[in-house]
Amino acid sequence: MPVLPSACPLDCPDHCSLNVTVEEGKVVRVEDRPANPLTAGFICGKVRRIARHLYGEDRLRYPAIRAGKKGEGRFRRVSWDEALDLIALRFAEIRRTSGGEAILPYYYGGSNGALTQDATDARLFRRLGATRILRTLCAAATGRATAGLYGRMPGVAYPDYENAAMILVWGQNPSASSIHLVPIIRRAVEKGARLIVIDPRKTPLAKLAHRHLAVRPGTDLVLAMALARWLFVNGRADDAFLAAHATGVDQFRERAMPWTPAAAATATGIPAADIEATAAEYADASPAVIRCGWGLERNRNGGSAVASVIALPAVAGKFGVRGGGYTLSNSAAWKLSPSVDDAEPIGRVINMNDLGEALLTLESPRIEALFVYNANPMMTVPDQNKVQQGMSREDLFTVIFDSMATDSARYADVVLPATTFLEHTELSRGYGSMSLQLATPVVAPEGEARPNYQVFGDLVRRCGLSKPGDTDDPIELTRKILADQANTDGLMATIAANGVAVPDSGECPIQFVDVFPRTDDRKVHLCPADLDAEAPQGLYHWQPDPGTPRYPLALISPALATTISSTFAQLIPGIIPVEIHPDDAASRGIVDGSAVRIHNELGEVHTTARLSTDMSPGVVSLPKGLWARHTTNGATANALSPATHSDLGGNACFNDARVEIETLDQANSHRSKFAEPHRTGK
Ligand SMILES: Nc1nc2c(c(=O)[nH]1)N[C@H]1C(S)=C(S)[C@@H](COP(=O)(O)OP(=O)(O)OC[C@H]3O[C@@H](n4cnc5c(=O)[nH]c(N)nc54)[C@H](O)[C@@H]3O)O[C@H]1N2
Ligand SMILES: Nc1nc2c(c(=O)[nH]1)N[C@H]1C(S)=C(S)[C@@H](COP(=O)(O)OP(=O)(O)OC[C@H]3O[C@@H](n4cnc5c(=O)[nH]c(N)nc54)[C@H](O)[C@@H]3O)O[C@H]1N2
Ligand SMILES: [Mo]
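None of these values were measured; they are calculated from a predicted model.

**Structural notes on the overall build of the protein chain**
Then, in step 1: Scanning the protein chain from N- to C-terminus turns up 23 helices and 27 strands.
Then, in step 2: For 682 residues, the compact-globule formula gives about 26 Å, and the C-alpha radius of gyration of the protein chain, at 25 Å, lands near that figure.
Then, in step 3: C-alpha extents for the protein chain along the principal axes are approximately 75 × 70 × 50 Å.
Then, in step 4: Going through the 682 residues of the protein chain one by one, you find that 61% of them count as buried.

**Focus: the site of ligand 1**
Then, in step 1: Around ligand 1, 31 residues are found, and the nearest of them are T380, D402, N452, S557 and S566.
Then, in step 2: Taking S566, its side chain carries an N or O atom lying 2.5 Å from an oxygen atom of ligand 1.
Then, in step 3: Protein burial of ligand 1: of its 920 Å² of free accessible surface, 97% is covered by the chains.
Then, in step 4: When its residues are assigned to classes, the shell around ligand 1 shows 10 nonpolar, 17 polar and four charged.
Then, in step 5: Two domains each provide a minimum of three residues to the shell around ligand 1, namely domain 2 (64-137 + 336-498) and domain 4 (553-674).

**Some remarks on the domain arrangement of the protein chain**
Then, in step 1: Its domain assignment divides the protein chain into domain 1 (3-55), domain 2 (64-137 + 336-498), domain 3 (156-327) and domain 4 (553-674).
Then, in step 2: Placing the centre of domain 1 and that of domain 2 at their C-alpha centroids yields a distance of 24 Å.
Then, in step 3: Counting from both sides, the interface comprises 28 residues of domain 1 and, opposite them, 26 residues of domain 2.
Then, in step 4: For domain 1, the biggest contributors to the area lost against domain 2 are P9, D11 and H15; these three give 30% of the whole.
Then, in step 5: Our count for the contact surface shared by domain 1 and domain 2 stands at one salt bridge.
Then, in step 6: Of the charged contacts in the structure, one is a salt bridge between K26 and E446, with a shortest N-O distance of 2.7 Å.
Then, in step 7: On the surface where domain 1 and domain 2 come into contact, there are 15 residue pairs in polar contact (both at pLDDT 80 or more).
Then, in step 8: At the level of elements, β1 (3-7), β2 (17-23), β3 (26-32) and α2 (51-54) are the ones that each hand at least two residues to the side of domain 1 that touches domain 2.

**Describing the side chain of S428**
Then, in step 1: If you trace the backbone, S428 turns up in strand β18 (residues 426-429).
Then, in step 2: Engagement of the side chain of S428 in a polar contact is seen with the side chain of H15, the distance being 2.8 Å.
Then, in step 3: Excluding residues that lie within four positions of it along the chain, S428 makes contacts with P9, H15, G113, S435, L436 and Q437.

**A look at the pattern of salt bridges**
Then, in step 1: A full pass over the atoms with the stated rule returns 49 salt bridges.
Then, in step 2: Of the charged contacts, one joins D58 and R629 as a salt bridge, the two residues approaching to 3.1 Å between their closest N and O atoms. Of this pair, D58 sits in the loop between α2 and β4 (64-66) while R629 sits in the loop between β26 (619-621) and β27 (657-663); the two residues are 571 residues apart in sequence, bridging distant segments of the chain.
Then, in step 3: The exposure class assigned to D58 is buried, which follows from its relative accessible area of 14%.
Then, in step 4: Taking the shortest distance from any N to any O, the salt bridge between R610 and E579 comes out at 3.3 Å. With R610 in strand β25 (residues 603-611) and E579 in strand β23 (residues 578-580), the pair connects residues that are 31 residues apart, well separated along the chain.
Then, in step 5: Residue R610 is classed as partly exposed on the basis of its relative accessible area of 40%.
Then, in step 6: Several salt bridges converge on common partners, so that one network encompasses R123, R127, D342, R461, K467, D470 and D472.

**Observations concerning the pairing of β2**
Then, in step 1: For β2, the buried fraction is high: six of the seven residues fall into the buried class.
Then, in step 2: The pairing of β2 with β3 spans six bridges and is classified as antiparallel. Residue E23 lies in a different strand from β3, and its bridge partner there is K26.

**Quick word on the packing of helix α9 (residues 220-233) against helix α11 (residues 249-256)**
Then, in step 1: At a closest axis distance of 8 Å, the pairing of α9 and α11 adopts a crossing angle of 110°. Taken together, α9 and α11 sit at an angle that is classed as roughly perpendicular. Crossing handedness for the pair α9 and α11: left-handed. Contacts from M225, A228, R229 and F232 in α9 reach V249, F252, R253, R255 and A256 in α11.
Then, in step 2: Taken together, the residues that form the contact of α9 with α11 break down as six nonpolar, no polar and three charged.

**Some thoughts on the packing of aromatic side chains**
Then, in step 1: If you walk through the whole model with that rule in mind, you get 21 aromatic pairs.
Then, in step 2: The interplanar angle of 75° and the centroid separation of 6.2 Å between the aromatic rings of F319 and Y326 together place this pair among those described as edge-to-face. Like F319, the residue Y326 is buried in the burial classification.
Then, in step 3: On the basis of an interplanar angle of 75° and a centroid distance of 5.7 Å, the ring pair of F512 and F516 is categorised as edge-to-face.
Then, in step 4: With relative accessibility at 8%, the residue F512 sits in the buried group.
Then, in step 5: An aromatic cluster is present here, built from F91, Y107, F125, F371, Y373, F401 and F456 joined pairwise through their rings.

**Let's talk about the pairing of strand β19 (residues 436-439)**
Then, in step 1: Neither face of β19 is exposed, since L436 and L438 on one face and Q437 and A439 on the opposite face are all buried.
Then, in step 2: Bridging between β18 and β19 involves four bridges; their strand directions are antiparallel. Bridge assignment links E426 to a residue of β19, and that residue is A439.
Then, in step 3: The antiparallel hairpin formed by β18 and β19 contains six residues in its connecting segment.

**Comments concerning the sheet that holds β19**
Then, in step 1: Within the open sheet, the three strands sit side by side as β18-β19-β20. Their pairing is antiparallel. The open sheet terminates on both sides in strands that have one partner only, identified here as β18 and β20 (500-501).

**Remarks on the site of ligand 2**
Then, in step 1: Lining the immediate surroundings of ligand 2 are 36 residues, of which S177, D199, R201, D220 and T563 lie closest.
Then, in step 2: The backbone of T563 places a nitrogen or oxygen atom 2.4 Å from a nitrogen atom of ligand 2.
Then, in step 3: N655 is positioned such that a nitrogen or oxygen atom in its side chain is 3.1 Å from a nitrogen atom of ligand 2.
Then, in step 4: For ligand 2, whose accessible area on its own is 910 Å², the fraction buried by protein is 99%.
Then, in step 5: Residue composition of the shell around ligand 2, grouped by class: 18 nonpolar, 11 polar and seven charged.

Rules of the game
- Numbers given for residues are sequential positions, taken from 1 along each chain in its written order.
- Chain letters start at A and ligand numbers start at 1, both assigned in the order the entries are written.
- Under the rules for a predicted model, residues below a pLDDT of 70 receive no local features and side-chain atom pairs below 80 are neither given nor counted, while totals for whole chains, interfaces and linings still include all residues.
- Note: side-chain values were computed over all heavy atoms of the structure, leaving out hydrogens and water.
- The way it works is that DSSP assigns letters per residue, a run of H or I at least four long becomes a helix, a run of E at least two long becomes a strand, and they are numbered from the N terminus.
- Between the two quantities, the radius of gyration covers C-alpha atoms and the globule rule is 2.2 Å times the number of residues to the power 0.38.
- Only protein chains enter the calculation, and the probe is 1.4 Å; a residue is then buried if its accessible area is under 20% of its type maximum, exposed if over 50%, and partly exposed in between.
- Only heavy atoms are used to decide nearness, and a residue is near a molecule or strand if one of them lies within 4 Å of it.
- Counted as a polar contact is a pair of N or O atoms within 3.5 Å, where, for protein atoms, one must be capable of donating a hydrogen and the other of accepting one, and residues adjacent in sequence contribute only when both atoms are in side chains.
- Method for areas: the Shrake-Rupley scheme with a 1.4 Å probe, in which residue coverage is limited to the protein chains shown.
- The classification used treats Ala, Val, Leu, Ile, Met, Phe, Trp, Tyr, Cys and Pro as nonpolar, Asp, Glu, Lys and Arg as charged, and all other residues, Gly among them, as polar.
- Where each domain starts and ends comes from a domain assignment, either automatic or drawn from a database.
- Contacts between residues were defined by any pair of non-hydrogen atoms, one from each residue, lying within 4.5 Å.
- Buried area is a sum: the accessible area each of two parts loses on coming together, probed at 1.4 Å, counted once for each and added.
- Salt bridges are counted wherever a side-chain nitrogen of Lys or Arg sits within 4 Å of a carboxyl oxygen of Asp or Glu.
- Here the rule is simple: two strands pair whenever DSSP picks up at least two bridges between them.
- To obtain an axis, a line is fitted to C-alpha atoms, over the contacting stretch when the element is a helix, and the angle between two such axes runs from 0 to 180 degrees between their N-to-C directions.
- Roughly parallel here means an angle under 35 degrees, roughly antiparallel means over 145, roughly perpendicular means 65 to 115, and every remaining angle is called oblique.
- When the near helix sits turned anticlockwise from the far one by under a right angle, the crossing is termed left-handed; a clockwise turn instead gives a right-handed crossing.
- Note on aromatic contacts: the rings of Phe and Tyr and the six-membered ring of Trp form a pair at centre separations within 6.5 Å, being stacked when their planes are under 30 degrees apart, edge-to-face when over 60 apart, and tilted otherwise.

Right under this line is the structure:
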């Protein structure tokens, strides 16, 4: 049985190298490939068992056209020619009558692969003059903060965590979202490192931690500013480092000053003594590393929160030693070039969090066509009821290009089946690991599935938008993406031969020794003017909790170990419960297993309750990425998440959902009393 090399490009920091066993043209086993030291030894259960995903009943295998009402999910199989000609024809009509901006491409990170997004798709939509989408569901706030303060300097590499004397895991749950970091942290702890976890939930690492700070969602900014203030007022700020390597120190210090331990305790729910003790421990420890995740960006204060957290190693002088500093996204370890030459059109841009609103209300021109790929907006975008209303428009021409029959696909006029990363060529880089990998197909496509680069390349031609020099060839596209590297030919040869390459800055750079801020003066900018101007009331200004007496509970929606966002979730059986602290449950007459209604002014979710002391009082949790089948009314956490934007980057504010929960019995008795109509999610 052949064992073939591959690489996982899915939206996960780790970026595993894979060995895939193929039997009779089908994937039968997927394991780690030792070539990549970081991911050698084990891979996640999702990809290990990916055969269930590739060959399961939800796989899309053939192009199809709607044969029922919008959203009903009835389709008739057609040929690729018929499907693509129909799309080209409708696009031509819409451009003629309303202009290209009446077409909206919608995509996110379903495959993080460089050949699958911003490649031939960009060529098509730029030449059509389509409306552009701001990719803000995730990492927009963290991206703005790291760009502003450090110019996206690469972070502390995972293997160097073993050298740390203190590890702060801040708003990340690697046990689900980045599993190769976990054994490294465990080894560091065994060797004596102090572990601090800052998370509203008792995550697996919080249970291992010496200190767990159960921060109220959306208050990390306050906590980090209180830690910074403590360092300044107790003479523990590293003045020499700040003088040599930082700007904006006075402004930053001034904004930290109001956050006394007592004031911070009120906002964050963390006792003042714990805040002070944490600051003292951090000041004393070296090397100390902060693993900043994405949980803290998904709220109104997200950008300033991330900025304040990554400011701490500068204030405390934690750089310059192996295992000291911070890690956020390491994707900037590789600077990739565009694979298509077309410039971004200057035209209409919409924030993807506003998808529902845009489909329903945007004018001049109205959105007449929606082309969704690498994304599952019905399940992953805030204000789900609005997205559903928008996608239900009978006059909206919707194309869904995916490898799975997602909940979004039910709303398609045309369904196009996509290959998965095991069936096409893909170039990808990690954002936890610093690897770059090129993988060629290990099996032929299921049914008639086709890769993105081929389908968008074909549509460019059918739309009559070809230009000389266009290529859809994945290796030629790869060469363009790597064109600005120091030694493109050498790198192409390395990734072709080994599959994987490490950046020039090395596998494990030391911050402020091997890598420096990529700002114009190579300094950390603690209060950059552009961020200060962008944040509604200035950088580091804290916006209070959006909870109300009617909707007091903070609903968060963290990643599950069994999915990547909504990918693979179709394989999870049964109804998924909302987790609630026993005290919050008791005061509401909820017991373990109760059927409950979670609701606010945006919508409602019907599911069951699971009582858990892992939750903090006042915080409830329903995972991200669920499908309609996982709740009893088909709505998920996003039916309750507002389509508001974070202070920086226009990021989604999933965790600003504030809700109330009642048992379904209570809900039904209200309903009969007031005969109040309730909208359900689906
Ligand atoms: N409530 C709540 N919602 C959230 C979050 C949250 O915290 N709370 N988190 C958000 C986060 S972090 C993210 S990143 C987003 C993700 O949001 P999405 O990107 O919409 O979610 P995915 O599940 O990754 O969907 C990707 C889709 O792309 C498809 N796909 C994969 N590879 C290919 C390919 O090669 N070609 C094509 N055409 N399709 C492909 C997959 O089958 C899948 O259906 O969700 C966000 N949604
Ligand atoms: N298995 C798996 N792996 C994944 C993904 C997945 O869905 N499943 N998704 C991938 C993607 S798209 C991304 S972006 C990354 C995300 O990876 P993570 O950063 O781990 O993202 P989340 O699970 O959203 O949030 C992490 C933690 O933040 C906590 N949290 C929520 N709100 C707050 C807050 O206000 N402050 C603090 N301090 N903590 C808070 C949550 O309880 C959770 O434990 O993981 C990637 N890897
Ligand atoms: Mo994400």
